[in-house]
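# An overview of the molecular structure
In case you want the letters, here they are:
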Amino acid sequence: MARPSVFLAILWPANAVLLGLFLRFESLRNIGSWLGAFIGFMLADLLTGNYLLLTLFLTIANLLNPATTLLLIKILKLDYKQYNKGLTFLFLFILSAFGGCLASPIFAMLTVPYVPNTFISVDRIWIDFGMWWTGELLNIVTFLPIILAIPERKILKTYLEEIKSRSVQYQELLPLLAVFTSVILTHFFMGPGAIMFPIAALIWASLSYNLFFVAIINSLVCMLLYNSLTSYYIAESPDAYLATTISVRIGLLMLALGPLTLAIISLNRQKLYHQILYLANHDGLTTTMNRRFFYEESERTVTSVPAIKQKARSVTILVLDLDYFKKINDQFGHAVGDLVLQKFTHQVKLHLRSNDLFGRLGGEEFAILLKDLTLKQSIDIAQRICNTVHQTPIFLDDGTHFSISVSIGLSYQTLPYCVPFQQLINRADVALYQAKENGRNQLCLENNLQTL
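Residues numbered from 1 in each chain as written. Predicted model: local features only at pLDDT ≥ 70, side-chain atom pairs only at ≥ 80, totals over all residues. Heavy atoms only, no water.

## Digging into the overall build of the protein
Across its full length, the protein carries 17 helices and seven strands. Since a compact globule built from 452 residues should have a radius of gyration of about 22 Å, the 32 Å found for the protein marks it as more spread out than a globular shape. Across its three principal axes, the protein shows a C-alpha extent of roughly 100 × 55 × 35 Å. Split into buried and exposed, the 452 residues of the protein put 46% on the buried side. Surface summary for the protein: the accessible area is close to 23700 Å², and the carbon and sulfur share equals 64%. Within the protein, the 30 negative side-chain charges are centred at a point lying 3 Å from the centre of the 34 positive side-chain charges. (Helix = DSSP H or I, 4+ residues; strand = E, 2+ residues; numbered from the N terminus. Rg over C-alpha atoms; globule rule 2.2 N^0.38 Å. Buried < 20%, exposed > 50% of the residue type's maximum accessible area, 1.4 Å probe, protein only. Areas by Shrake-Rupley, 256 points an atom, 1.4 Å probe, with all protein chains shown as cover. Lys, Arg positive; Asp, Glu negative; His and termini not counted. Charge placed at Lys NZ, Arg CZ, Asp CG, Glu CD.)

## Quick look at unusual backbone geometry
In this structure, Lys-77 is a non-glycine residue whose phi angle is positive, near 55 degrees. Relative to the assigned elements, Lys-77 resides in the loop between helix H3 (52-76) and helix H4 (88-97). Backbone geometry at Asn-117 places phi at a positive 55 degrees, although glycine is not the residue there. Within the element layout of this structure, Asn-117 appears in the loop between helix H5 (100-111) and helix H6 (125-149).

## Let's talk about the packing of helix H2 (residues 31-47) against H3
Where H2 contacts H3, the axes come no closer than 9 Å and their chain directions differ by 140 degrees. Considering the angle they form, H2 stands oblique to H3. Viewed along their axes, H2 and H3 form a crossing whose handedness is right-handed. The segment H2 lies against H3, with Trp-34, Ala-37, Phe-38, Phe-41, Met-42, Asp-45 and Leu-46 engaging Leu-52, Thr-55, Leu-56, Leu-58, Thr-59, Asn-62, Leu-63, Pro-66, Ala-67 and Leu-70. The residue inventory of the contact of H2 with H3, partitioned by class, reads 13 nonpolar, three polar and one charged. (Axes fitted to C-alpha atoms, helices over the stretch in contact; angles between N-to-C directions. Parallel < 35°, antiparallel > 145°, perpendicular 65-115°, else oblique. Left-handed = near helix turned anticlockwise from the far one by under 90°. Contact = heavy atoms within 4.5 Å. Nonpolar A, V, L, I, M, F, W, Y, C, P; charged D, E, K, R; others polar.)

## A closer look at the packing of helix H9 (residues 199-206) against helix H10 (residues 211-236)
Look at H9 against H10: their axes get within 10 Å of each other, and the N-to-C directions meet at 165 degrees. Classed by the angle they form, the pair H9 and H10 counts as roughly antiparallel. Crossing of H9 against H10: the hand is right-handed. Contact residues: H9 offers Leu-202, Ala-205 and Ser-206, while H10 offers Val-214, Ile-217, Asn-218 and Val-221.

## Re the packing of aromatic side chains
By the definition in use, this model includes 13 aromatic pairs. Between Trp-12 and Phe-41 the ring centres are 6.1 Å apart and the planes differ by 75 degrees, which places this aromatic pair in the edge-to-face class. Here Phe-41 lies in helix H2 and Trp-12 lies in the segment before helix H1 (14-24), a separation of 29 residues in the sequence. Given the relative accessible area of 34%, Trp-12 is considered partly exposed. Under the relative-accessibility criterion, Phe-41 is labelled buried at 13%. Centre to centre, the rings of Tyr-295 and Phe-421 are 5.2 Å apart; their planes meet at 90 degrees, and the pair counts as edge-to-face. Pair noted here: Tyr-295 is in helix H12 (residues 291-304) and Phe-421 is in helix H17 (residues 421-437), with a separation of 126 residues, a long-range link. (Phe/Tyr/Trp six-rings, centres within 6.5 Å; stacked < 30°, edge-to-face > 60°.)

## A short note on H2
Residue pairs three or four apart in sequence face the same way in an α-helix, which turns once every 3.6 residues. Between its first and last C-alpha atoms H2 spans 24 Å; for 17 residues at 1.5 Å apiece the expected length is 24 Å, and the two agree. Of the positions making up H2, those classed as buried are Ser-33, Ala-37, Phe-41, Met-42 and Asp-45. Taken around the axis of H2, the buried residues stretch over an arc of 165 degrees, which confines them to a single face. Among the exposed residues of H2, those pointing more than 90 degrees away from its buried face are Ile-31 and Leu-47. Buried positions along H2 lie against H1 and H3. Looking at where H2 begins, the residue whose side-chain oxygen comes 3.1 Å from the main-chain nitrogen of Gly-32 is Asn-30. Residue Gly-49 follows H2 closely and has a positive phi angle near 115 degrees. (Expected span 1.5 Å × (residues − 1). Arc of directions from axis to C-beta. Polar contact = N/O pair within 3.5 Å; in protein donor to acceptor, adjacent residues only side chain to side chain.)

## What about the pattern of salt bridges?
A full pass over the atoms with the stated rule returns 10 salt bridges. A salt bridge links Arg-124 to Asp-128, with the shortest nitrogen-to-oxygen separation between them at 3.3 Å. Exposure class is identical for Arg-124 and Asp-128. Each is buried. Salt bridges linked by common partners bring Asp-321, Asp-323 and Lys-436 together as one network. (Salt bridge = Lys/Arg side-chain N within 4 Å of Asp/Glu carboxyl O.)

## Looking at the side chain of Ser-182
Along the chain, Ser-182 falls in helix H8 (residues 170-188). Reaching out from Ser-182, the side chain makes a polar contact with the backbone oxygen of Val-179 at a distance of 2.7 Å. Discounting residues that sit within four places of it in the chain, Ser-182 has contacts with Phe-197, Pro-198 and Ala-201.

## Brief notes about the pairing of strand E6 (residues 406-414)
Within E6, eight of the nine residues are buried, leaving the element largely enclosed by the surrounding structure. Two elements, strand E1 (residues 314-322) and E6, share nine bridges in a ladder whose sense is antiparallel. Pairing of Val-315 across the sheet is with Gln-413, part of E6. In terms of strand pairing, E6 meets strand E7 (residues 443-445) through three bridges, oriented parallel. Residue pairing across strands places Leu-410 opposite Leu-445, the latter belonging to E7. (Pairing = 2+ DSSP bridges.)

Everything listed is a geometric property; what it means functionally is a separate question.
Put into structure tokens, the structure is as follows:
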């Protein structure tokens, strides 16, 4: 259906999709999968009316595309799984362009023109070579990114849940609307310049949406433009089609590479920003919040943001201090001390919810903010933390082990009527000192809660 009379197919995404599947799923790279692909290609072509010998050569030529690209990736040890980082996608495209996409038409031109009833003529072999090669290039840049960027099921589920949980803002649809409008304009002002109409809208979309969505938009735009321009030139004359199709494909190739590259650069910058933000707000050793970030988030919870107050009807502050931590450093060294802090924070996190705040105030002192719990629930969590820490030994590489303990001070306040956060943590700190004086390895409540 996509093959004009006596010409190569206008659209042939099968090679790009097959390469994407082999890259995405390593378990498919076996003899059975290659045999299945071979049979599928053969049957598909035979059912459209070709005879066995011609179909065989076409199938071998097609399968050379993913096979050669995969071989070059293995030889050059390209980490294709990181296609969305740095210039990996461009390297992957270059390997495919001058590997599989080139090997496929070379084999075809050496065989297909010399079999009976062929549609590739020796008289225009260079034109057919150029059309096959540029067609493969366009298919790779149009369809391969979609296969590689399809989110995993867990990520896709989370993304869909986020969309359902919030209303879509009309501003988010503007880049998509701009792309749609620019493509419509190409049908009213058809000609060589039509290929440039969507470029500004595609750049806007690449800076606004995730890579998978950009890849889909890119593919649809390229295919619609390609179909429109091809139909336009075929309607003019076969000569016009032959004279312009290679140029059109290269133009669409450049059009598609731009938004994809920009989307990947934007994605990398966003990830780098979030990494820097995380490092700025978290303790490097224990991955808990650092003192500044914990204070900011806690202050916002108890005083600053009314919406959060309505959601969290109470707050509990726990101040935790590891007992005799200096002796651990003196006896075993600071490396073991760091290990103790990491094991301790891991044990504590097991008892916390995702919306609770957990920060390192300094040294061996930590703080926790629990939201929307009763006093009894808060006491139960604090006591479980205290018991777990004491009952879980720390094992060292040489096989020795020892136990640690933690003292905890607790303050509690209902919302929205709340004192400043600093007062809450001061009250919990006083309770912590009481726990220390009482013998450590225990929980103490602030004074006004003792009688509750």
